[in-house]
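# Architecture at a glance
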Amino acid sequence: MSPILEARALYKRFGDFTAVRDVSFEVARGEIFGYLGANGAGKSTTIRILCGLLTPSEGRAIVAGHDVATDPESVRLSVGYMSQKFSLYPDLTAAENLDFFGGAYRIPRKPRLARARELLAEVGLRADDRRPAGALPGGMRQRLALVTALIHAPPIVFLDEPTAGVDPEARRNFWRIIRTLAGEGTTVFVTTHYMDEAEYCARVGLMVDGSLVALDTPSGLKREFVPGRTFALRGRRLPEAALAALPYVRAVEPFGAGLHVRCADDAPGAEALARVAREAGADQPSAEEIAPTLEDVFLAVAGRKAAA
Ligand SMILES: Nc1ncnc2c1ncn2[C@@H]1O[C@H](COP(=O)(O)OP(=O)(O)OP(=O)(O)O)[C@@H](O)[C@H]1O
Ligand SMILES: [Mg+2]
């Protein structure tokens, strides 16, 4: 089956600033595709190009069968888009918002109301809730913003940091909905700052300063960028430099209140690292071997790019 999305050498320049640089990738139908990167990495700019809202300076992208540069109107009608600032009408109720967006897609009234009722039920919202959207709690507003992006049953939906600023419970709930959507065949393109969420994606693209520097499954990214063994060290006054100087240590990165120490495959183990730390003056150091996370991948990739 042909991919739902194909991007080839996309560039976006704002004046002499390049926000997106030579970005190419494909997304398969029904895939959950994660797009990660720090603030300003170019995630939203890429999404706006792929939704037909922004013309690329160079390159080509076909989304849901339409060319974003030559036929952006067809792209806009074919895709779902949940923007970083959920664009709801705060004075309208949940049902009225859906009705409005459905009307904008020229869905006839009867199927529009049926679809709205079905979508609201799917995400645990009530069609008869009279509260204006602006007065709903964050998690409900977020789910409402999601279903407004789905009212026209698009084959692909773009979610730009959909879980930013909502509590962990709402985030978990939201990801359950995303997985259900993908299971039903909707392709999900999602950006996030939360590395634990990226683990739910089939594949993850990493953006650094406008470039797509890595793209693979979460486990593939870990194998490539965090090879060897990783240890988490805790304790006060951890001696970063002494650890980094060990022959089997490849990298030492601050992680929360402690350190993540990446070592060669033949490293001696957690006990040896704790001993080195203690001898170099650390207060009650402890070490344990951990499975690398995408956060480790991200730090490794960003570090490599900075050193280049
Ligand atoms: N219309 C514009 N004019 C000029 N610069 C822009 C414009 N839109 C975005 N930029 C710049 O392009 C870069 C990428 O922005 P973008 O919004 O794509 O980043 P992002 O990865 O979505 O970041 P965030 O995580 O903060 O949402 C930023 O430096 C931003 O200031
Ligand atoms: Mg953004």
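Residues numbered from 1 in each chain as written. Chains lettered and ligands numbered in written order. Predicted model: local features only at pLDDT ≥ 70, side-chain atom pairs only at ≥ 80, totals over all residues. Heavy atoms only, no water.

The subject of this paragraph is the layout of surface pockets. The volume enclosed by the largest pocket comes to roughly 360 Å³. Lining the largest pocket are 17 residues, and of these Arg76, Val79, Tyr81, Phe101 and Tyr105 sit closest to its centre. Where the lining of the largest pocket is concerned, the elements lending two or more residues are α2 (72-78), β6 (79-82), α3 (94-104) and α5 (138-148). For the lining of the largest pocket, a count of residues per class yields twelve nonpolar, three polar and two charged. (1 Å grid on protein atoms, 1.4 Å probe; cavity = no way out; pocket = protein on both sides within 12 Å on 5 of 7 lines; lining within 4 Å. Points joined across faces, edges and corners; volume = space filled by probe spheres on them. Helix = DSSP H or I, 4+ residues; strand = E, 2+ residues; numbered from the N terminus. Nonpolar A, V, L, I, M, F, W, Y, C, P; charged D, E, K, R; others polar.)

Okay, the nonpolar core next. Grouped together as the largest cluster of nonpolar side chains are 48 residues, with contacts concentrated most on Ile32, Leu144, Leu146, Leu159, Val188, Phe225 and Val297. Sorting elements by how many residues they give to this core places helix α6 (residues 168-183) first, with six residues. Those residues in contact with Val297 that sit more than four places away from it in its chain are Leu206, Leu221, Lys222, Phe225 and Val226. Val20, Cys51, Val75 and Phe158 belong to the second largest nonpolar core, which has 26 residues in total. (Core = buried A, V, L, I, M, F, W, Y, C linked by side-chain atoms within 4.5 Å. Buried < 20%, exposed > 50% of the residue type's maximum accessible area, 1.4 Å probe, protein only. Contact = heavy atoms within 4.5 Å.)

Quick look at the coordination of the magnesium ion (ligand 2) now. Octahedral six-donor coordination of a metal ideally yields angles of 90 or 180 degrees, compared with 109.5 degrees for tetrahedral four-donor coordination. The protein atoms that coordinate the magnesium ion (ligand 2) are Ser44 (OG) and Gln84 (OE1), at distances of 2.0 to 2.3 Å. On the criterion of sequence distance, the pair formed by Ser44 in helix α1 (residues 43-50) and Gln84 in the loop between β6 and α3 is long-range, its members being 40 residues apart. (Donors = N, O, S within 2.8 Å, 3.2 Å for Na, K, Ca; no water.)

This part is about the state of the cysteines. In a disulfide, the sulfur atoms of two cysteines are covalently bonded to one another. Under the defined criterion, the tally for this structure stands at zero disulfides. Here Cys51 is not disulfide-linked; the sulfur of Cys201 is the nearest cysteine sulfur, at 16 Å. Cys201 sits in the buried class, given a relative accessible area of 4%. (Disulfide = S-S within 2.5 Å.)

As a further point, take the site of ligand 1. Close to ligand 1 lie 14 residues, the nearest being Gly40, Lys43, Ser44, Thr45 and Gln84. Gly42 places a polar main-chain atom, nitrogen or oxygen, 2.9 Å from an oxygen atom of ligand 1. Separating an oxygen atom of ligand 1 from a side-chain N or O atom of Glu161 is a distance of 3.1 Å. Coverage of ligand 1 by the protein amounts to 63% of the 640 Å² it exposes when considered alone. Looking at the shell around ligand 1, the elements with two or more residues in it are β2 (17-27) and α1. Among the elements that make up the shell around ligand 1, the one with the highest residue count is α1 (three residues). Looking at the shell around ligand 1 residue by residue, the classes come out as five nonpolar, seven polar and two charged. (Near = heavy atom within 4 Å. Polar contact = N/O pair within 3.5 Å; in protein donor to acceptor, adjacent residues only side chain to side chain. Areas by Shrake-Rupley, 256 points an atom, 1.4 Å probe, with all protein chains shown as cover.)

Sheets are built from strands paired through backbone hydrogen bonds, the pairs being either parallel or antiparallel. With antiparallel pairing, the four strands of this open sheet are ordered in space as β12-β13-β11-β14. Looking at the sheet topology across the chains shown, the edges are occupied by β12 (249-255) and β14 (283-290). Direction aside, the axes of adjacent strands within the sheet are offset by 25° on average. Relative to strand β13 (residues 258-263), strand β11 (residues 229-236) runs antiparallel, the two being bridged by five bridges. In the sheet register, Leu233 faces β13, and the bridge partner there is Leu259. (Pairing = 2+ DSSP bridges. Axes fitted to C-alpha atoms, helices over the stretch in contact; angles between N-to-C directions.)

Nothing here speaks to function; it is geometry throughout.
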